[in-house]
Structures are given as structure tokens and as C-alpha cells.
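Single-letter residue listing:
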Amino acid sequence: MSNSIELTQESYVDSIIERVVVRNPGETEFHQAVREVLESIKPVVELYPEFEENGILERLTEPERQIIFRVPWVDDQGNVHVNRGYRIEFNSALGPYKGGLRFHPTVYPGIMKFLAFEQTFKNALTGRPIGGAKGGSDFDPKGKSDSEVMRFCQSFMTELYRHIGAQTDIPAGDIGVGNREIGYLFGQYKRITNRFEAGTLTGKGVDWGGSLARTEATGYGLVYFVDEMLKDIGETFEGKKVIVSGSGNVAIYTVQKVIELGGKVIALSDSDGMVYDPEGIDLNSVIEIKEKRRGRIVEYLKTHPSAEYNDNSKNIWKIECDIAFPCATQNEIDMEEAKTLVNNGVLVVAEGANMPCTPEAIECFQKNNVLFAPAKAANAGGVATSALEMTQNSMWESWSFEEVDKKLREVMKNIYSSIKTTAEEYKKDGDLVFGANVTAFLKVARAMMDQGIV
Ligand SMILES: NC(=O)C1=CN([C@@H]2O[C@H](COP(=O)(O)OP(=O)(O)OC[C@H]3O[C@@H](n4cnc5c(N)ncnc54)[C@H](O)[C@@H]3O)[C@@H](O)[C@H]2O)C=CC1
Ligand SMILES: O=C(O)CCC(=O)C(=O)O
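Conventions we followed
- Residues numbered from 1 in each chain as written.
- Chains lettered and ligands numbered in written order.
- Predicted model: local features only at pLDDT ≥ 70, side-chain atom pairs only at ≥ 80, totals over all residues.
- UniProt positions renumbered as here; feature names shortened; annotations may be inferred.
- Pairing = 2+ DSSP bridges.
- Helix = DSSP H or I, 4+ residues; strand = E, 2+ residues; numbered from the N terminus.
- Axes fitted to C-alpha atoms, helices over the stretch in contact; angles between N-to-C directions.
- Contact = placed C-beta atoms within 7 Å.
- Buried ≥ 20, exposed ≤ 12 C-beta atoms within 10 Å, placed from the backbone.
- Expected span 1.5 Å × (residues − 1).
- Near = placed C-beta within 6 Å.
- Nonpolar A, V, L, I, M, F, W, Y, C, P; charged D, E, K, R; others polar.
- Domains from an automatic or database assignment.
- Right-handed = clockwise from strand over helix to strand, strands pointing away.
- pLDDT = per-residue confidence, 0-100.

As annotated in an unreviewed UniProt entry, the protein carries the name Glutamate dehydrogenase and is attributed to Petrotoga mobilis. The Sequence similarities (unreviewed entry) field of the UniProt record for the protein holds the comment "Belongs to the Glu/Leu/Phe/Val dehydrogenases family." Entered under Subunit (unreviewed entry) in the UniProt record, the comment concerning the protein runs "Homohexamer."

**Details of the sheet that holds strand S10 (residues 323-325)**
Taking strand neighbours across the sheet as the criterion, the 7 strands line up as S9-S8-S7-S6-S10-S11-S12 in an open arrangement whose pairing is mixed. Looking at which strands have only one partner, the edges of the open sheet turn out to be strand S9 (308-310) and strand S12 (371-373). Taken pair by pair, the neighbouring strands of this sheet meet at an average axis angle of 15°, ignoring direction. As paired elements, strand S6 (residues 241-244) and S10 share 3 bridges and run parallel to each other. Directly across from Ile 243, in S10, lies its bridge partner Ala 324. Contacting S10, strand S11 (348-350) and S12, helix H8 (residues 214-232) crosses the sheet at an angle of about 150° to S11.

**Considerations on the UniProt feature "binding site: NAD(+)" (unreviewed entry) in the protein**
UniProt records the feature "binding site: NAD(+)" (unreviewed entry) at Thr 218 and Asn 249, using the numbering of this structure. On the basis of their most widely separated C-alpha atoms, the annotated residues across 32 residues gather in one place, lying no more than 8.1 Å apart. Tracing the backbone shows Thr 218 in helix H8. The class for Thr 218 is buried, based on 29 C-beta atoms found within 10 Å. When residues no more than four places from it in sequence are discounted, the contact partners of Thr 218 are Asn 249, Val 250, Tyr 253, Gly 352, Asn 379, Gly 381 and Gly 382.

**As for helix H17 (residues 432-450)**
For H17, spanning 19 residues, the distance from its first C-alpha to its last is 27 Å, which sits close to the expected 27 Å at 1.5 Å a residue. Count one or two residues on from H17 and you reach Gly 452, which has phi positive near 80°.

**A closer look at the site of ligand 2**
Taken together, Lys 98, Gly 99, Gly 100, Gln 119, Lys 122, Ala 172, Asp 174, Thr 202, Asn 354, Gly 382, Val 383 and Ser 386 make up all the residues around ligand 2. Secondary-structure elements contributing two or more residues to the shell around ligand 2 are strand S3 (97-103), helix H5 (109-125) and helix H15 (381-395). Of the residues assigned to the shell around ligand 2, the class counts are 2 nonpolar, 7 polar and 3 charged.

**Some words on unusual backbone geometry**
Phi angles above zero are rare outside glycine, and Asn 194 is one such case at about 60°. Looking at the element boundaries, Asn 194 is found in the loop between helix H7 (179-193) and H8. One non-glycine residue with positive phi stands out, namely Lys 427, at about 60°. Here Lys 427 is to be found in the loop between helix H16 (401-425) and H17. Overall, the presence of 8 C-beta atoms within 10 Å leaves Lys 427 in the exposed class.

**Some remarks on the site of ligand 1**
With respect to spatial proximity, 26 residues lie near ligand 1, and among them Gly 246, Gly 248, Asp 270, Ala 353 and Gly 382 are the closest. Secondary structure elements with two or more residues in the shell around ligand 1: helix H9 (249-260) and strand S7 (264-270). With 3 residues, the single largest contributor to the shell around ligand 1 is H9. Of the residues assigned to the shell around ligand 1, the class counts are 6 nonpolar, 17 polar and 3 charged. Domain assignment of the residues forming the shell around ligand 1 places at least three in each of domain 1 (65-196) and domain 2 (216-373).

**A look at the environment of Glu 260**
The residue Glu 260 is located in helix H9 in this model. Using a count of 11 C-beta atoms within 10 Å as the deciding quantity, one classes Glu 260 as exposed. In sequence terms Glu 260 and Glu 238 are 22 residues apart; their C-alpha atoms lie 9.4 Å from each other.

**Notes on the domain arrangement of the protein**
Under the domain assignment, the protein is made up of domain 1 (65-196) and domain 2 (216-373). The centre of domain 1, based on its C-alpha atoms, is set 27 Å off from the matching centre of domain 2. With 5 residues of domain 1 in contact, the opposing surface of domain 2 contributes 5 residues. By residue class, the composition of the side of domain 1 that touches domain 2 is 3 nonpolar, 1 polar and 1 charged.

**Notes on the UniProt feature "site: Important for catalysis" (unreviewed entry) in the protein**
The feature "site: Important for catalysis" (unreviewed entry), as annotated in UniProt, sits at Asp 174 in this numbering. Here Asp 174 is to be found in the loop between strand S5 (169-172) and H7. Those residues within four positions of Asp 174 in sequence are excluded, and the remaining contacts are Gly 100, Leu 101, Arg 102 and Gly 136.

**Regarding the sheet that holds strand S4 (residues 131-137)**
Judged by pairing direction, the sheet is mixed, and its 5 strands sit side by side in the order S1-S2-S4-S3-S5 without closing on themselves. The open sheet has two edge strands, strand S1 (65-74) and S5, and neither has a second partner. The mean inter-strand angle of the sheet, taken between neighbouring strand axes irrespective of direction, is 20°. Taken together, the 5 bridges between S3 and S4 define a ladder with parallel strand orientation. Within S4, the position partnered with Phe 103 by the bridge is Ser 137.

**Topic: the pairing of S3**
Moving residue by residue along a regular strand, the side chains alternate between the two faces of the sheet. Counting buried positions along S3 yields 7 of 7 residues, so the element is predominantly enclosed. In this region the chain leaves S3, passes through H5 and returns to the parallel neighbour S4; the handedness of that crossover is right-handed. Here S3 runs beside S5; their pairing, made up of 4 bridges, is parallel. Residue pairing across strands places Gly 100 opposite Ala 172, the latter belonging to S5.

**Things to note about the environment of Phe 365**
Along the chain, Phe 365 turns up in helix H13 (residues 359-367). Residue contacts for Phe 365: discarding those within four places in its chain leaves Ala 338, Val 342, Val 349, Val 370 and Phe 372.

**Observations concerning the confidence of the model for the protein**
Averaged over every residue, the pLDDT of the protein is 96; residues scoring 70 or more account for 98%. Interface confidence for the predicted complex, given as ipTM, is 0.99, next to a pTM of 0.97.

Spelled out as C-alpha cells, the structure:
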């Protein structure tokens, strides 16, 4: 009897994975994200037949709404360009759709759907009432003037505005979308709607509805999360050698907090290459190059001639370290890099980017007892602080940096303890991938059950 139940339930999960592959051809990142979640929640789905009876997995893997639109804009020379804009409103069981916008040439439906699917689970872990979404465009902001970026953002919002709102869908930043872009997007939203509806976008400037500490939140939250993991094994950041990939928003504030807690960051990268500075990365120089000048990481050598540069960003994982923070992009660590990190004695790998480690890499870390922190838990501090920004907006209040930072720290602590406890409950001690997926799944699935077949 129990055998047959097990077989039926297993085939339910497998059939859903197959269905996602068939219904979303060629969208490999989306397949990967779905497979990762569904395979780990399998034993839990087996325990509750009502999930199958109510088509929970079919609905959970199909976006509630997918918006694709044309974004025409004119460059500084008067040439017309057309990009494609997206907003994937994946799941609103827990609250209005929430998630960032990515402007990058690699954007296509497979990337948008994987990010929106992941966001649904991540947002559930924050404990805030927010559903999951993601959006963006295949527009490449690299090398564009401020005026070109402004015109692009205005055109993008001219379509997007009709789909978003403080109670409906609240976009924010992601790769290629920072304070500058959020400003242009908000300006156009306000102009079209004739409403200063601050709660419609997060990551705003602090003088016009933004939250203090939102800029720092993803990186700081990531480090707070790892600090909890280290405490559990009687360790701290003090004296640890740390590698952070990328050099954008998440990477910069990860580095800042690691240094504050006594760690030494020795390498950073961008899509062109990586720098290794055994003396410890000088963050002020990185902020000057990346945040102020929007330059390339190779320029670090101009002021730090003793540092080394390599024009393959993947080589960053060859450097010996205690803690590795992939904070650039999806699938940046595969099996080969994972093996190198393990052979070099890495203690912790924590995902700052979304899905930066392939499933094979994660398996390699877990088999070799490396402490592994999955993105949907470890980088949730950014969206959690976005939710704090929404709370401040709805109350017409602005909290101090310290107050927001304290709440962020509590959120990260709670996420860590809840996913660790879930893993223990199912006798998967230390498996934070399982803990995060199951904790988030149960929350979203139960809300979907409560709300009927919608
Ligand atoms: N901004 C946020 O609040 C959050 C961002 N994330 C994720 O963190 C990651 C980074 O996002 P942001 O820092 O916001 O973007 P960003 O645009 O500020 O920075 C991205 C950085 O990654 C680098 N990069 C891109 N491709 C690379 C590659 N193949 N190798 C090495 N470096 C590469 C870029 O040069 C840039 O320095 C993304 O996966 C994003 O989805 C996750 C949670 C929240
Ligand atoms: O702050 C937000 O709404 C979104 C942040 C984000 O894009 C992410 O968590 O991946």
C-alpha cells in the first residue's frame, strides 16, 4: 500500500517537471530552477495528497500572467532601436507581485521565468506578504549615455505602468537596474498616472520615498546570514579569506560588511575579468570605478599596481579562500569550479546572485561538507528591505538606517533558523537547500489551497 502511494506521488512530481520542459521549450534556466525546487520537495509532496488533488504543482509552475511588450527608443545619434520588455507575474498567493527588473542582453523568457519562480519562494521566506515576479529587458545599459538610458526607461514604463501599482505589482532593481534607472522609471510612472504613488517601485532615492539601507540590504543580509551559519560552528568572519564575484550592488555591500566583520576580501570580478589583491581589496577604489564612473574592474590596477588581473572572470574560483560569495549571475560556478573550491579547502559557499551554482556544483559542496547557503534564503535581505520600504511608504514615514538595518538582521536570522529547523524536522540536518525549498513551498502551497482554484 505505502509503496503504491509513494510511486503515484513520485510520478506526480516527475510528470510536472516533464510538463514544464514540454510547455516551455528551450527555457533551460527555468527548467533548472523548477527541477531544483521540485526534486527537493518531493518527499513532502508525497506526504500531502491534497497538493496533487488541487493541482498545486501545475499552478505553481505556471506564471499567473506573462507580459511581453515592445520598447522602442532613440539613441543619441537619432537611430531608432527596439528592445523587448517583460514582466512575469508568477504567483500572488502571499501578496502583490514583487521582484526586480533586469536590463541585460541575455534576458529572454527562460531567464525571466526562472527569476520570477525563484522570487516566489524567496519572498515567502522573508515572512512579508509579497508574491513573486520579475521583469526586465534585453536592453544593454553598458556604454549607453544617461540620456539614452533615460529614454529607454521612459519607453519601458510607458507600457509597464498599466500593469503595476502598490497593491498589484511592485518592481525594483536587479542586474543593470540601480538607483539611476529606478529614478527614471518612477519619474515616468508619476508623469503618466499623475500620482506620486511611492509604493509602486522600491529602491527609490532616499529623499523621495526610498528606504535607508535598501542599497546595502542584499549584501549586508547575505553576510548576516553567513554570520549565523558561522556562529553555529563556533566561527566568525575574523581573519577569513573571502572571494566575492561581480562588483555590482550585491558584491560591493557584501564586501563592505565582510570587511566590517573582520574578514579579508581578496578578489572581485566583472564580466570582463577578475582582480586579485592579496593585500585585501580596497573597496573605496571599487566604488569609485564601478558605482561612480561605471567603469571596468581592470581599472583597479591603475591605483593598485601590485594587484593581479586575469581576463577570465571564472578564474576567480581558483584562488584559495575560506568563504566564497558568488554575487554576479546565474550558473557562474559549475562542477569544475566547485571541485577547485573544495580542493582548496573552502568552508562556506553562499549565493548572493540568483542561482549562481549549477545543481552539480551544489551536490559537490554538500557531499564534501561545505556549508552551503542557497540564494532564495541568503540573498532575501534585498527584497525583505524592499518590503520595509513599502511599509514606510504606506505609513508616510522614514526610518533611520540603524532601525532598518536592525530589522534586516532579524529577518536574516529568522530565515536561517526557520529553514534550519525545517531541515531538522525532516531529518535532513544542515541541508539548507531542502530547508529553504520546503519552508517556502509549504507556505505558498497552503495559501493557494486556502484561496481555491485560481
Ligand atoms: N540587487 C538586488 O537587490 C538583488 C540582486 N540579486 C542578484 O544578484 C546578482 C547581482 O545583481 P546586482 O548586483 O544587483 O547587479 P549589478 O548590475 O549591480 O551588478 C552585476 C555585476 O555582475 C557582473 N557580472 C555580470 N556577469 C558576470 C559574469 N559572467 N562574470 C562576472 N561578473 C559578471 C557585472 O559586471 C556587475 O559587476 C544577480 O544575480 C541578481 O539577480 C539577488 C537579490 C537581490
Ligand atoms: O527588491 C526587490 O523587490 C527585488 C530584489 C530582487 O530582484 C531579488 O531578490 O532577486
